[in-house]
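This is what each chain is made of:
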Amino acid sequence: MVAAILAVGVLSGCQTQFPKVSEASEVEIRLTRSACFGWCPAYAVDIAGDGSVTYEGGSSVAVSGRFQDRIAPTEVTTLVGMFERADFFSLKDEYIAEITDSPFTKVSLTIDGRTKSVTDYVGKFAGMPAAVTELEDAVDRAAGTAKFVKGTPETIPMLRQAGFDFASSRAATFLADALEIDSYAYASDLILAGAPLNGRTSRRDQPAFELLFPLATPSRSDLGRTSVLFSEAAAERGTRQDRSVALVIAARRDDAGLVRRLVALGVDPVVEESGVGRYTALHAAASARVARILLRAGIDPDFTSPMIRKAVLVTDSEDVALVLAGARLSDETRDELIARAREKGWTRLLARLGA
């Protein structure tokens, strides 16, 4: 592959001699990745010849902001060798494909003040040698950016070593961002480390709890663990809103013990979700037993809002519907409930309603 790259350089007449590197040489390697229309991680990382690493996180990353790290100088030497074998200084300055909504990646090498940069915008469709992608990925691996960008088991120890305050509002933002990029194991680690639960994402200013609601499905163990940890932490140290969210999650997960515990704390059963509106934990009840606990706690079975109907008309559980149908139903609600029961084949509910 390297031989092919060299041949292209010679035939095009643009081959440039690679700078000589000595022990006294000042070396800097820089990699930047931009945001895109979707959820592309945006960040930059610099690696100096002595092995010092500077990371700057932007959007859609596990760790935003500036952090320092260090790698062995021999790893820098290895990277420079890769640049030399790719004849980096003979490559075009940019490889831009006629495609929209994708991220830009830029890799640069500076040796004794002489800098060469290559910009990659879906470059594989614009004649970019595969060696450029290999260099980009090699810089990521050497700098260990995964712990900053994705969130790995190394992330929390790295933050501790950096003196990070896990009780800060910044930690709350990290938790929201971790949920946004589906880094659930890292999000769980942040909750266990004491991160506040009421943060908002750095990209869309979206509350963390709105990203937690999908986690209430018990079929996904990684999501379920995060939601359980959030709910338990909310009961211990959460704000009033955190506890309301925790009650909804506990009701949806059929965690009757936690539901009772939160109800005993006098938790407000109403939450408000962007694009959905206001609703109660009763709307999320996964079982008849949880529905009964919530009813005994005084949650109004007739609660509605402009975008939400009564809980009995939205539940997907016939057992829950049977409990809620025991409350006084208006003629309109009864007619709607009969239609829903017929649609779902709920024979027990139809018998209860005499339909």
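Here the structure is a predicted model, which is why all the values come from computation and not from measurement.

Analysis parameters
Residues numbered from 1 in each chain as written. Predicted model: local features only at pLDDT ≥ 70, side-chain atom pairs only at ≥ 80, totals over all residues. Heavy atoms only, no water. Helix = DSSP H or I, 4+ residues; strand = E, 2+ residues; numbered from the N terminus. Buried < 20%, exposed > 50% of the residue type's maximum accessible area, 1.4 Å probe, protein only. pLDDT = per-residue confidence, 0-100. Contact = heavy atoms within 4.5 Å. Axes fitted to C-alpha atoms, helices over the stretch in contact; angles between N-to-C directions. Parallel < 35°, antiparallel > 145°, perpendicular 65-115°, else oblique. Nonpolar A, V, L, I, M, F, W, Y, C, P; charged D, E, K, R; others polar. Core = buried A, V, L, I, M, F, W, Y, C linked by side-chain atoms within 4.5 Å. Polar contact = N/O pair within 3.5 Å; in protein donor to acceptor, adjacent residues only side chain to side chain.

## Remarks on unusual backbone geometry
The phi dihedral of Asp 87 is positive, around 50°, even though this residue is not glycine. Summarising the element assignment, Asp 87 is placed in the loop between helix H2 (73–85) and strand S5 (94–96). Take Asp 87: its relative accessible area is 5%, and that puts it in the buried class.

## Some points on the confidence of the model for the protein chain
Taken over all residues, the pLDDT of the protein chain has a mean of 90, while the share at 70 or more is 93%. Across residues 1–13, confidence stays below pLDDT 50; counting only partners more than four residues off in sequence or on other chains, it has 13 contacts.

## Quick word on the packing of H2 against helix H3 (residues 130–143)
Between H2 and H3, the shortest axis-to-axis distance is 10 Å and the interhelical angle comes to 175°. Put simply, H2 runs roughly antiparallel to H3. Note on element contacts: H3 touches H2 through Glu 134, Leu 135, Ala 138, Val 139 and Ala 142, opposite Glu 75, Leu 79, Met 82 and Phe 83. A breakdown of the residues in the contact of H2 with H3 according to their chemical character gives 7 nonpolar, no polar and 2 charged.

## Concerning the nonpolar core
Formed by 107 residues in total, the largest nonpolar core has its most connected members in Ile 29, Val 63, Phe 88, Leu 159 and Leu 294. For Val 63, the contacting residues outside a window of four places in its chain are Tyr 55, Gly 57, Lys 147, Phe 148, Thr 155, Met 158, Leu 159, Phe 174 and Tyr 186.

## A short note on the environment of Asp 302
Tracing the backbone through its elements, the reader meets Asp 302 in the loop between helix H12 (288–296) and helix H13 (318–324). Residue classification places Asp 302 among the partly exposed residues on the basis of a relative accessible area of 34%. Spatially, the C-alpha atom of Asp 302 lies 9.2 Å from that of Arg 328, the residues being 26 residues apart in sequence. The contacts of Asp 302, once residues within four sequence positions are left out, are Lys 310 and Arg 328. Within polar-contact distance, the side chain of Asp 302 engages the side chain of Lys 310 at 3.5 Å.

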